[in-house]
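Remarks on the overall topology
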Amino acid sequence: MKLKRLHLLSNAHLDPVWQWEWEEGAAAAVSTFRAAAEFCEEFGGYVFNHNEAILYKWVEEYEPALFERIRLLVRQGKWHIMGGWYLQPDCNMLSGESFVRQILLGKSYFREKFGAEPTTAINFDSFGHTRGLVQILQLAGYDSYIFMRPDEFDVLPAQDFIWCGFNGSEVMAHKIQGGYNTLLGKAHEKIARWLEENSDAQTGLVLWGVGNHGGGPSRMDLTRIAERMEQSETFEIVHSTPERYFRDLKQAGPLPRFEGDLNPRFVGCYTSMIRIKQRHRRLENELYMTEKMLSAAALLNLLDYPSAELHEAMRDLLTAQFHDILPGSSVQPAEEASLRLLDHGLEIAARLKARAFFALAAGQPKAELKEYPVLVYNPHPYPVRGVFECEFMLEDQNWEEQFSLPVVYRDGKRLPSQPEKEMSNLNLDWRKRVAFEAELAPSSMNRFDCRIEMLERKPVPELRERDGRYVFQTEDLNVVIHARTGLMDEYAVRGVSYLRPDAFAPLVVRDNEDPWRMDTDAFGPVIGRFELMDAEEGTEFSGVKQAPLPSVRVIEDGEVRTVVESVLRYGQSAICLTYRLPKRGTEIEVQLRVYWNEKDKMLKLSIPTLFADGKYRGQTAFGISELAGNGEEAVAQKWVAVESAGLGRALTCINDGIYGSDYRAGEIRLSLLRGAGYCAHPILDRPILVQDRFLPRMDQGERSYTFWLNAGELDERRRLVDREAIFHNERPYALSFFPSGNGQPAGTFLELEDDTVQLSAFKKEERGDGYIVRLFEPTGFSGSTVVSIPSLGVREEVRLNGFECRTFRLDPRTRAFTEAPLCEI
């Protein structure tokens, strides 16, 4: 009789960072791998499984002899390269492109060092998983996925199922039961429990090995498991790998299907350690934008593509995406080390971006006398319209009472522009900051020139308070800010109102010390609100020593926009809330500078819409998630939206680095920060934090946020929001620079001839001289675009299904533009 089969997956879950810093994680990796290698050599039939390229790289660097032993064991089939990613990242907050890079760098390393190509992806410990992963996994050559969280998730049809992606993609999936590790010497008991509870199953999978800080197999466990193998009469118990398990599973019959995210879990992690999240988003943006600039410059023969430097910054990004770093569940020293890591990557990106910018400025004509050139590079393959800002120094200091007014021109034509407060605080007419409205040509350097007009005095704002309100009106927009609250009472687009009064109210919500929030999927109740400071308190908070200031005031007003500022307080905390209102268009910008000094409380920003039947949606990796409408905490990336199919309208909100929010009864509440403890969660009935000393809390002090709100017809918002979000996150680079006039100016390098398709990546391939162009359809509706690269004579139509991602290789020698695998090989 053919026996049923139970697959044992021996592993050693090892967090590079968590209750410890990376150096201790590296030490644990080396010692765990050394012990595992000894057991692989000693016990016949035993197979050790491990993933995460970062751990193998540490072993390769710190104990090369052990690394060579592991390579031999892999060739002998005694050690299995599992998963194949760079590490186990958070699986909700990464952009689609970042998931690709986690796989690409991991697979490239394992292919080079071990000749290994796993087909089962694993993320045992990540706190939830976006549905957008499915397409990425399939395109990367995976047919299966193993995960554990959410721990309790009764919506799944079975432990083994087909996970369906947005665009028809699918992979087999297995949800771990009973954890991914075992206590020392207890693995045989876990096996016995599985056999007792699953006697009717044809095949099964049990994970075992001491974990959370390394450990893996032990001699005691292996001896007891061998005894259990001999005793079993109904199941063949085998040391195995993920791939062998899924081969058996395929033969066991059809699996039920599941369409959706594997969320929520540990909803506090969508917001904890907000500085890590904001800096992570910034490094994502800077790296992918800089790659696009460098690729254009290299293909124009203006510089050599700096692959090694980009890889160093990319490794910083991928490490910071680890599932105890980005979610904010590690100790404070790990937070500080991760901020340094992200800053290191940002510094590399800044230097490379400057290198690309100056190279791409070639051929720009010399400035005319009394003109200050402003160059703006648009990295996006389509025109973008917006307000751009740039600072520069006047040729000389102006000690008179007159005011030097900067006015921006393009090809001799005057553009809407206005002076605004420069970053310097020298109270002298010398340093200038100009804001101007323009449309930038795609994938090219855009030239503007600033001229100076002398005025008798600096212009003063024209917008005034009337009847306790600041009323801002244009042809398309009507905004009312209440002078007694500092909040927005109306936001109307082309005569249609979208918000209820008191919009952008900062709310204080009850919270606790646990950065994960293991006890709930929702935050509440509201226990306070930030209120407008009185004039005396607001003046003192603002640092003003002369005449009292109103706590709501207009600080900028010109041809481009009006800027209104209010100052609010709650307890020991304060907020400076700023609205930037455009003279053209309907998108408003809202900035918050938060000074937070609260514990066990959460800060949310309320946006109460007028949509009674609104559906809540948000951007995720290569897709859009349908988010909860019952007040449960949700996770999304660069934007969220409330859509009313009945009214045919939508309101969208873009952010620069938050991920958590909730929605109920028409009200969006964006999650800004928490006052939780570091690396603490409930254990039995003990206090979450010890009660005998001071303990620091996360996110105390100054934090800054920017949001962009827009509204309009439903189809228009769906079509435009993704490009608007990437425009605000990968911001065109502006610099005042006097070019030499040498060289030939380059026109548009790469253009997409449609209004929705996104350029996810434009980079040199990992191996070879070709370049990768990755496209993504972000609306869920099929369409097409034309990829045009005039300098290389490339013009190709590309069709994409809804949410489809396609990768192409550009050969600069033959000028061929052909489809390529996601992982390039």
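That block above? That's the structure.
In short, a report on the structure. (Residues numbered from 1 in each chain as written. Predicted model: local features only at pLDDT ≥ 70, side-chain atom pairs only at ≥ 80, totals over all residues. Heavy atoms only, no water.)

1. Here we look at the overall build of the protein
Note the following rule: Secondary structure elements follow DSSP: runs of H or I no shorter than four residues count as helices, runs of E no shorter than two count as strands, and numbering proceeds from the N terminus. In this setup the radius of gyration rests on C-alpha atoms only. A globule is expected at 2.2 Å times the number of residues raised to 0.38. Note on contacts: a residue pair is in contact if any heavy atoms of the two residues lie within 4.5 Å. In short, Shrake-Rupley with a 1.4 Å probe defines the accessible areas, and a residue's cover is counted only from the protein chains shown. His is not counted, nor are the chain ends, whereas Lys and Arg count as positive and Asp and Glu as negative. A charge is said to be at NZ when it belongs to Lys, at CZ for Arg, at CG for Asp and at CD for Glu.
Check the secondary structure of the protein and you find 13 helices and 45 strands. Over its C-alpha trace the protein gives a radius of gyration of 28 Å, about what one expects of a compact globule, namely 28 Å for 825 residues. Nonlocal contacts in the protein, meaning residues at least 24 apart in sequence, comprise 74% of its contacts between residues at least 6 apart. A total accessible area of about 32600 Å² is found for the protein, and carbon and sulfur atoms account for 47% of it. Taking the average location of the 98 positive side-chain charges in the protein and that of its 123 negative ones, the two points are 1 Å from each other.

2. Considerations on the packing of aromatic side chains
Two aromatic rings are characterised by how far apart their centres lie and by the angle between their planes. Applicable threshold: Here a Phe, Tyr or Trp ring, Trp counted by its six-membered ring, pairs with any other such ring whose centre lies within 6.5 Å, and the pair is stacked when the planes are under 30 degrees apart, edge-to-face when over 60, and tilted otherwise. Only protein chains enter the accessibility calculation, which uses a 1.4 Å probe; a residue is then buried when its area is under 20% of its type maximum, exposed when over 50%, and partly exposed in between. We call a charge positioned above a ring when the Lys NZ or Arg CZ atom is no farther than 6 Å from the ring centre and deviates by at most 35 degrees from the ring normal.
Summed over the entire model, instances satisfying the criterion amount to 45 aromatic pairs. Between Tyr56 and Phe110 the ring centres are 5.1 Å apart and the planes differ by 90 degrees, which places this aromatic pair in the edge-to-face class. Here Phe110 lies in helix H4 (residues 96–114) and Tyr56 lies in helix H2 (residues 53–62), a separation of 54 residues in the sequence. We classify Tyr56 as buried; its relative accessible area is 0%. Residue class for Phe110 comes out buried when judged on its relative accessible area of 0%. For the pair Trp194 and Phe235, a centre-to-centre distance of 5.4 Å together with 85 degrees between the ring planes defines the contact as edge-to-face. Of this pair, Trp194 sits in helix H6 (residues 187–197) while Phe235 sits in strand E9 (residues 235–239), and the two are 41 residues apart along the sequence. A single burial state applies to Trp194 and to Phe235, both of which are buried. Feature note: the residues Phe33, Phe48, Tyr56, Phe67, Trp79, Tyr109, Phe110 and Phe114 constitute an aromatic cluster, connected by ring pairs. Cation over ring: Lys107 sits above Tyr142, and NZ or CZ is 4.3 Å from the ring centre. Sitting over the ring of Tyr733, Lys353 keeps its end group 4.4 Å from the ring centre.

3. Side note on the sheet that holds strand E14 (residues 413–414)
Worth spelling out the cut-off: Strands pair, by our definition, only if DSSP identifies at least two bridges between them. Axis geometry follows a simple rule: fit a line to the C-alpha atoms, using only the stretch in contact for helices, then measure angles between N-to-C directions, giving values from 0 to 180 degrees.
Strand order in the open sheet formed by five strands is E14-E13-E17-E11-E38, with antiparallel pairing between adjacent strands. With one partner strand each, in any of the chains shown, E14 and strand E38 (733–736) form the two edges of the open sheet. Strands in contact with helix H11 (residues 332–360) are strand E11 (371–378), strand E17 (444–455) and E38; relative to E38, the strand with the most contacts, it is inclined by about 65 degrees.

4. Observations concerning the sheet that holds strand E43 (residues 794–800)
In spatial order, the strands read E39-E42-E43; together these three strands make up an open sheet with antiparallel pairing. Edge positions in the sheet fall to strand E39 (751–752) and E43, since each of these pairs with one other strand and no more. Strand direction decides the pairing type here: strand E42 (residues 783–789) and E43, joined by seven bridges, are antiparallel. Pairing of Val787 across the sheet is with Glu796, part of E43.

5. What about the nonpolar core?
For soluble globular proteins, the rule of thumb is that nonpolar side chains tend to be buried together. To keep things clear, this is the line we draw: The set of buried Ala, Val, Leu, Ile, Met, Phe, Trp, Tyr and Cys residues whose side-chain atoms join them within 4.5 Å is what this entry labels a nonpolar core.
By size, the foremost hydrophobic cluster in this structure holds 161 residues, and its most contacted members are Tyr56, Trp79, Phe114, Trp163 and Leu775. Setting aside anything within four residues of it in sequence, one finds Phe114 in contact with Tyr56, Phe67, Ile70, Arg71, Val74, Ile81 and Tyr109. One finds Tyr491, Leu568, Ile658 and Leu670 within the second-largest nonpolar core, a separate group that totals 57 residues.

6. So, unusual backbone geometry
Note the cis peptide between Asn263 and Pro264, where omega equals 0 degrees. Position of Pro264 relative to the elements: it lies in the loop between strand E10 (257–259) and helix H9 (274–299). Backbone torsion omega between Gly524 and Pro525 reads -5 degrees, so that peptide bond is classified as cis. Position of Pro525 relative to the elements: it lies in the loop between strand E22 (505–510) and strand E23 (526–529).

7. What about the packing of helix H1 (residues 22–42) against H2?
Packed helix pairs are characterised by how far apart their axes lie and by the angle those axes make with each other. This is how it is decided: An angle below 35 degrees is treated as roughly parallel, one above 145 as roughly antiparallel, one from 65 to 115 as roughly perpendicular, and anything else as oblique. Just so you know the grouping, Ala, Val, Leu, Ile, Met, Phe, Trp, Tyr, Cys and Pro go in nonpolar, Asp, Glu, Lys and Arg go in charged, and all remaining residues, Gly too, go in polar.
Taken N-terminus to C-terminus, the directions of H1 and H2 make an angle of 80 degrees; their axes are 9 Å apart at the nearest point. In terms of axis orientation, H1 runs roughly perpendicular to H2. Judged by residue contacts, Trp22, Gly25, Ala26, Ala29, Val30 and Phe33 of H1 engage Leu55, Tyr56, Trp58, Val59 and Tyr62 from H2. Broken down by class, the residue content of the contact of H1 with H2 amounts to ten nonpolar, one polar and no charged.

8. Some points on the side chain of Ser108
Applied cut-off: Throughout this description, a polar contact denotes any pair of N or O atoms lying within 3.5 Å of each other; where both atoms belong to protein, one of them has to be capable of donating a hydrogen while the other can accept it, and for residues adjacent in sequence the pair is counted only when both atoms sit in side chains.
If you trace the backbone, Ser108 turns up in helix H4. Look at Ser108 and you get buried, because its relative accessible area is 14%. A polar contact of 2.7 Å, which involves the side chain of Ser108, links it to the backbone oxygen of Leu104. Contact partners of Ser108, with chain neighbours within four places excluded, come to Glu766 and Arg767.

9. Some details on the packing of H9 against H11
Condition: Crossing handedness is read from the near helix: turned anticlockwise from the far helix by less than a right angle, it gives a left-handed crossing, and turned clockwise, a right-handed one.
As a packed pair, H9 and H11 sit with axes 9 Å apart at the nearest point and diverge in direction by 25 degrees. The angle between the axes of H9 and H11 places the two elements in the roughly parallel class. The handedness of the crossing between H9 and H11 is left-handed. Its residues assigned to classes, the contact of H9 with H11 comprises 17 nonpolar, four polar and seven charged.

10. Some words on the pairing of strand E31 (residues 623–626)
One face of the sheet, then the other: side chains in a regular strand alternate in exactly this way. Alignment of strand E30 (residues 615–620) against E31, held across four bridges, turns out to be antiparallel. Bridge assignment links Thr620 to a residue of E31, and that residue is Gly623.

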